[in-house]
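Residues per chain, in single letters:
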Amino acid sequence: MTEKWTIGSAVSELTAAFDAMGLDTPRLDARILVGHAVKLEPSLLFARADRVFTDEESLLIRSFAARRQKHEPVSRIIGSRGFWGMDFVLTPDTLDPRADTETLVAAVLDLRTASATPRILDLGTGTGCILLAILKDWPQATGIGIDINPGAVKAAADNAARLGFAARAVFQKGSWADGIGETFDIIVSNPPYIAATELPGLAPEVTRFDPKLALVGGTDGLAAYRALIPSVRRRLAPKGRLFLEIGARQAEPVAGLLTAGGFRLRGQHRDLNGVVRCLEAISA
Ligand SMILES: C[S@@+](CC[C@H](N)C(=O)[O-])C[C@H]1O[C@@H](n2cnc3c(N)ncnc32)[C@H](O)[C@@H]1O
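How each quantity is defined
- Residues numbered from 1 in each chain as written.
- Predicted model: local features only at pLDDT ≥ 70, side-chain atom pairs only at ≥ 80, totals over all residues.
- Helix = DSSP H or I, 4+ residues; strand = E, 2+ residues; numbered from the N terminus.
- Rg over C-alpha atoms; globule rule 2.2 N^0.38 Å.
- Buried ≥ 20, exposed ≤ 12 C-beta atoms within 10 Å, placed from the backbone.
- Contact = placed C-beta atoms within 7 Å.
- Arc of directions from axis to C-beta.
- Domains from an automatic or database assignment.
- Core = buried A, V, L, I, M, F, W, Y, C linked by C-beta atoms within 7 Å.
- Pairing = 2+ DSSP bridges.
- Near = placed C-beta within 6 Å.
- Nonpolar A, V, L, I, M, F, W, Y, C, P; charged D, E, K, R; others polar.
- Axes fitted to C-alpha atoms, helices over the stretch in contact; angles between N-to-C directions.
- Parallel < 35°, antiparallel > 145°, perpendicular 65-115°, else oblique.
- Left-handed = near helix turned anticlockwise from the far one by under 90°.

### Considerations on the overall build of the protein
Inference 1: Counting its secondary structure elements, the protein contains 11 helices and 9 strands.
Inference 2: Here the protein has a C-alpha radius of gyration of 21 Å; the compact-globule value for 284 residues is 19 Å, and the two agree.
Inference 3: Buried residues in the protein amount to 39% of all 284 residues.
Inference 4: Taking as baseline every contact in the protein between residues at least 6 positions apart, the subset at least 24 positions apart corresponds to 64%.

And the structure:
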């Protein structure tokens, strides 16, 4: 490293180091990490390129760089992920929310009407990102988020409180909808859907840092749907809708599980790459 480490030289050095190890977005990663260390928006770094780091900032950025070089995602290093225009704090118990999941949020929000006051159930809530994104843009909606991992339940409740949704969302521990007595107008879930056999082939950013409980859906990736679909059968209000995120190539098998479980497929929603990412169902 250079003697006088400036914002500009740090961005260049980190970019080169990340590029050399083959990371996908080396410059972007470097800019976000340097910006986080010096508490500046990445877009302001260029204007302050000559600013010399304090010793404290140098230590911090070195530790960020070392973590990124061990494949820790930038979001985990800075501690949060932007989703639907809000920042969700991540913990080791939560999945790092994926942009593709916004497909499901958009599909739910298409149902909005001025008079509807829907009750929403979010199964496998993680950071709470799906439920809270829906509540953000549907002010009359309220809901419950469930997760089997108590650490995720706490993280979601903390996110709800910090983002100002504590009065409209509660989070509790549970296994899918088992033990829930209420019925809901909208049930949503992004369950773990990776086949155990596919896990070793995924990026280290995923396998080392996302909780296995949030990723793996049994040997074929469908185990969570097999458990979840029967559990929500009696929890959907008569005109209610069920929205399930799915992985690539899972539309057909999950549609089959929905039909066998007493639901009728009502729609398929594609992500920005044109892949069917979300199935929408109603009671048959
Ligand atoms: C793919 S992550 C989705 C997290 C979050 N909803 C999102 O979209 O970012 C799946 C979540 O399901 C939870 N989960 C796994 N098994 C569960 C079960 N039996 N009941 C409830 N939640 C479960 C995991 O802990 C994890 O938080």
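### Description of helix α10 (residues 223–232)
Inference 1: All of the buried residues in α10 are A224, Y225, L228, I229 and V232. Seen along its axis, α10 keeps its buried residues to an arc of 115°; they face one direction.
Inference 2: In the core, the buried residues of α10 are packed alongside β3 (119–123), β6 (184–189), β7 (236–245) and α11 (251–260).

### Remarks on unusual backbone geometry
Inference 1: Not every positive phi belongs to a glycine, and H71 is a case in point at roughly 75°.
Inference 2: One non-glycine residue, R249, lies in positive phi territory at about 70°.
Inference 3: In this fold, R249 is placed in the loop between β7 and α11.

### Some remarks on the domain arrangement of the protein
It is common to report an interface's size as the accessible area lost on association of the parts.
Inference 1: Each assigned domain of the protein is listed here: domain 1 (7–70) and domain 2 (90–283).
Inference 2: In this structure, domain 1 and domain 2 have C-alpha centres spaced 35 Å apart.

### Here we look at the nonpolar core
Inference 1: Counting 54 residues, the largest nonpolar core has I134 and I187 as the members making the most contacts within it.
Inference 2: Discounting chain neighbours no more than four positions away, the residues touching I134 are V105, V108, L109, I120 and A141.
Inference 3: Formed by 17 residues, the second largest nonpolar core is a distinct cluster that contains I7, V11, F53 and I77.

### Structural notes on the pairing of strand β2 (residues 86–89)
Inference 1: In this sheet, β2 lies alongside strand β1 (residues 80–83) in antiparallel orientation, the contact comprising 4 bridges. Paired with G82 across the two strands is D87, which belongs to β2.
Inference 2: If you look at the hairpin formed by β1 and β2, you'll find 2 residues sitting between the two strands, and W84 has a positive phi there, around 50°.

### Side note on the site of the ligand
Inference 1: Surveying the vicinity of the ligand reveals 22 residues, the closest of which are G124, G126, I148, N190 and A214.
Inference 2: For the shell around the ligand, the elements supplying multiple residues, two or more each, are α6 (129–137), β4 (142–147) and α9 (212–215).
Inference 3: Class assignment for the residues of the shell around the ligand results in 13 nonpolar, 8 polar and 1 charged.

### Things to note about the packing of α10 against α11
Inference 1: Where α10 contacts α11, the two axes come as close as 10 Å, and the packing angle between them is 25°. Here α10 lies roughly parallel to α11, going by the angle between them. In this structure, α10 meets α11 at a crossing whose hand is right-handed. Touching Y225, R226 and I229 of α10 are V254, L257 and L258, all from α11.
Inference 2: Considered class by class, the residues forming the contact of α10 with α11 number 5 nonpolar, no polar and 1 charged.

### Digging into the sheet that holds strand β9 (residues 276–283)
Inference 1: Read across the sheet, 7 strands follow the order β5-β4-β3-β6-β7-β9-β8 without closing on themselves; strand pairing throughout is mixed. Because the sheet does not close on itself, it has two edges, and the strands there are β5 (169–173) and β8 (263–270). Geometrically, the sheet is characterised by an average inter-axis angle of 20° between neighbouring strands, direction not taken into account.
Inference 2: Pairing of β3 with β6 involves 4 bridges; the strand directions are parallel. Note that in β6 the partner of D122 across the bridge is V188.
Inference 3: Contacts between α6 and the sheet are confined to β3, β4, β5 and β6, with β3 contributing the most and set at about 155° to the helix.
Inference 4: Across the face of the sheet, helix α7 (residues 150–163) comes into contact with β4 and β5 while running at roughly 170° to β5.

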